[in-house]
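Descriptive analysis of the structure
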Amino acid sequence: MDQINKTHKIEHHTVIIVGGGPAGLPIAAVLGGWHPYYRESAIFSQRYPELAAYLSPYRSTLLGLDFAKLGDNGIPPIDLFHLLHHPRRIFQELSQIALEFRQEDPIDYLLITQEEVGGLWNNAPENLLTLSPGQWMEFAFFPLAQYIQEQSVNLSVNDLICKRDLIRYYHQIPGRFDLVNHIHTHEKIVRIEPHERGFHLTSRDVGTQTMHQYTCKYLVYAVGQRCILRKLDVPGEDLPFVVNRYDRPESFDGDRIVVVGGGRSADWAATELYDAQKEVYYVMRQSFERHWRLINDSRDGLPYYARIAEIIESRDPRFQTLYNSHIQKIEDKPKNGLVTVNNNGHQKLIDVDHVVIEIGGTADYSLFNGFPALRFKEKYDSYRFQVHQVETKPYSSEVTNIPNLYMGGYLAEGLGLVVIAMHPTTYTIAADILQKEGIYNRQNP
Ligand SMILES: Cc1cc2nc3c(=O)[nH]c(=O)nc-3n(C[C@H](O)[C@H](O)[C@H](O)COP(=O)(O)OP(=O)(O)OC[C@H]3O[C@@H](n4cnc5c(N)ncnc54)[C@H](O)[C@@H]3O)c2cc1C
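All of these numbers come straight from a predicted model, not from anything done at the bench.

Cut-off values and rules
Residues numbered from 1 in each chain as written. Predicted model: local features only at pLDDT ≥ 70, side-chain atom pairs only at ≥ 80, totals over all residues. Heavy atoms only, no water. Near = heavy atom within 4 Å. Polar contact = N/O pair within 3.5 Å; in protein donor to acceptor, adjacent residues only side chain to side chain. Areas by Shrake-Rupley, 256 points an atom, 1.4 Å probe, with all protein chains shown as cover. 1 Å grid on protein atoms, 1.4 Å probe; cavity = no way out; pocket = protein on both sides within 12 Å on 5 of 7 lines; lining within 4 Å. Sits in = over half its atoms within 2 Å of the grid points. Helix = DSSP H or I, 4+ residues; strand = E, 2+ residues; numbered from the N terminus. Points joined across faces, edges and corners; volume = space filled by probe spheres on them. Nonpolar A, V, L, I, M, F, W, Y, C, P; charged D, E, K, R; others polar. Domains from an automatic or database assignment. Contact = heavy atoms within 4.5 Å. Pairing = 2+ DSSP bridges. Axes fitted to C-alpha atoms, helices over the stretch in contact; angles between N-to-C directions. Disulfide = S-S within 2.5 Å.

Here we look at the site of the ligand
- Of all residues adjacent to the ligand, which total 34 residues, the nearest are Gln 114, Glu 115, Leu 131, Arg 264 and Val 419.
- Interatomic distance of 2.6 Å between a backbone N/O atom of Leu 131 and an oxygen atom of the ligand.
- Considered on its own, the ligand offers 980 Å² of accessible surface; in the complex 97% of this is hidden by protein.
- Using a 2 Å cut-off from the grid points, one finds that the ligand occupies the largest pocket.
- The set of elements that each furnish at least two residues to the shell around the ligand consists of β6 (129-133), β9 (187-195), α8 (264-275) and α11 (419-422).

So this is what it looks like as structure tokens:
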């Protein structure tokens, strides 16, 4: 039974961040005192001379900018931070980044996350490659190139980066930026309620199951889009040979595997299992045309899409795609599993050793109790990510109808579903909080 830890009083912090992924973790670093300043960059000045001229007399931290006024003047702050960090697509040298970070006093904050820092990348397939160059996944205060220099790592920042390397980079951040004492890992927030001091949070330790309580004035909700993994809701889904997380081929003994999905994660699993000599049955609800459009559009830029295109074109019977199909049931037979699939209206039985279900997840907003209802907007990207974003103010990610509640990462309205689009919100969220606290006054050059 859940037991509230009564030996500790309710712990109060000025800011609590829920979720330590690529959205929440950098906000912790900036609240921890790592504040951005403009610095001259030849490439930034050459490409954006008006912005460079505007910012060069500004000696204060950029967290003091009046973002609403900037936005009204045609400089959306998210675009500004994006350009300062990535003034060109290719990384050549550290001095191209028109930002420097100076260590100032931290504000009182706590980051609570139910895994290690690094978010869903902790559980991504071991060999998964990103959609974009490694440097697009980095935080501006710790460029990958700097990490490579400091740690003598062998990586090329303009190439796609694989999960193993990316998660190592994220795991370095708390120690490198002195955040360790402000981060609770393996702790899950289970309830969020209004409180006279702002927000009241209840959490459960993932290991010991001990319950804790916190209050805070500002809450940053950065839990990502995979809090609740989708289910097929068919009989047999909980059998031991059925998994909803693909890791690597070595985790699967036997030869015959059904992969259920149709998005990027399922494509990766099906391809890698096939290349490991498994017999793959790839079951998708979508049509061939819809699946093929994404593969064909991506095959020239991304090696893993080139590979799945090649496999499908080979028509090798060891890789069978079942479109317009859905699983009806999964059964445990004496020698193996049996999967019943409705394939275009016809029933098909497949003997299997394993079933891998990769059908995505959803953000969990059910933790909020006693607040005005959050207003949602649905958002998709071309790689089939899908998120219910919350209506937020454009220049701060503050929820429109709940003051001092900020949505981190993709959960904020209108953000594109790639990390490079969410990173600039680190500064707009942190700046809004620091300005409300009177640490910086809103002031433009
Ligand atoms: C398979 C896959 C591949 C992807 N590849 C790319 C890519 O190549 N490039 C790209 O830009 N984006 C990619 N994405 C998008 C991806 O969402 C981002 O890379 C990024 O991880 C999102 O960051 P986040 O911090 O918003 O969420 P997450 O990474 O999901 O982190 C949120 C963290 O909060 C934790 N959490 C959730 N609920 C609670 C709770 N109640 N209490 C405490 N902690 C909680 C979660 O467990 C998680 O650790 C990919 C996504 C997937 C699924």
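Continuing now.
Overview of the layout of surface pockets
- When its volume is computed, the largest pocket comes out at roughly 1100 Å³.
- Those elements that place two or more of their residues in the lining of the largest pocket are β6, β9, β12 (228-229), α8 and α11.
- For the lining of the largest pocket, a count of residues per class yields 27 nonpolar, 15 polar and 8 charged.
- When residues of the lining of the largest pocket are assigned to domains, at least three fall in each of domain 1 (3-227 + 362-436) and domain 2 (231-359).
- Computed from the structure, the second largest pocket encloses a volume of approximately 900 Å³.
- As for the second largest pocket, its lining consists of 35 residues, and the residues nearest its centre are Arg 230, Gly 261, Gly 263, Arg 285 and Ile 359.
- Put simply, the parts of the chain that give the lining of the second largest pocket at least two residues each are β14 (256-261), α8, β15 (279-284), α9 (288-298) and β17 (325-332).
- The leading source of residues in the lining of the second largest pocket is α9, at 5 residues.
- Grouping the amino acids of the lining of the second largest pocket by side-chain chemistry returns 11 nonpolar, 13 polar and 11 charged.
- A domain split of the lining of the second largest pocket shows at least three residues from each of domain 1 (3-227 + 362-436) and domain 2 (231-359).

Examining the domain arrangement of the protein
- Domain assignment breaks the protein into domain 1 (3-227 + 362-436) and domain 2 (231-359).
- On a C-alpha basis, the centres of domain 1 and domain 2 stand 34 Å from each other.
- If you look at the interface, domain 1 gives 15 residues, while domain 2 gives 19 residues.
- Seen at the junction of domain 1 and domain 2, the total is 5 residue pairs in polar contact (both at pLDDT 80 or more).
- Broken down by element, the side of domain 1 that touches domain 2 gets its largest block of residues, 3 residues, from β6.
- Classifying every residue of the side of domain 1 that touches domain 2 by side-chain character gives 7 nonpolar, 5 polar and 3 charged.

Quick notes on the sheet that holds strand β19 (residues 346-352)
- Strand order in this open sheet of 3 strands is β17-β18-β19, and the pairing throughout is antiparallel. Each edge of the open sheet carries a strand with a single partner, namely β17 and β19. Within this sheet the neighbouring strands show an average axis-to-axis angle of 20 degrees, counted without direction.
- Pairing between β17 and strand β18 (residues 337-343): 7 bridges, direction antiparallel. Paired with Ser 325 across the bridge in β18 is Asn 343.

Looking at the state of the cysteines
- Within this structure, the stated rule accounts for 0 disulfides.
- Of all cysteine sulfurs, the one in Cys 227 lies closest to Cys 216, which takes part in no disulfide; the gap is 17 Å.

Re empty space enclosed by the protein
- Tallying each qualifying case throughout the model produces 3 cavities of 30 Å³ or more.
- The calculated volume of the largest cavity comes to roughly 110 Å³.
- Taken together, 15 residues make up the lining of the largest cavity; nearest its centre are His 85, Ala 140, His 423, Pro 424 and Tyr 427.
- When the residues that make up the lining of the largest cavity are grouped by side-chain class, the tally is 9 nonpolar, 5 polar and 1 charged.
- Taken as a whole, the second largest cavity spans an internal volume of roughly 50 Å³.

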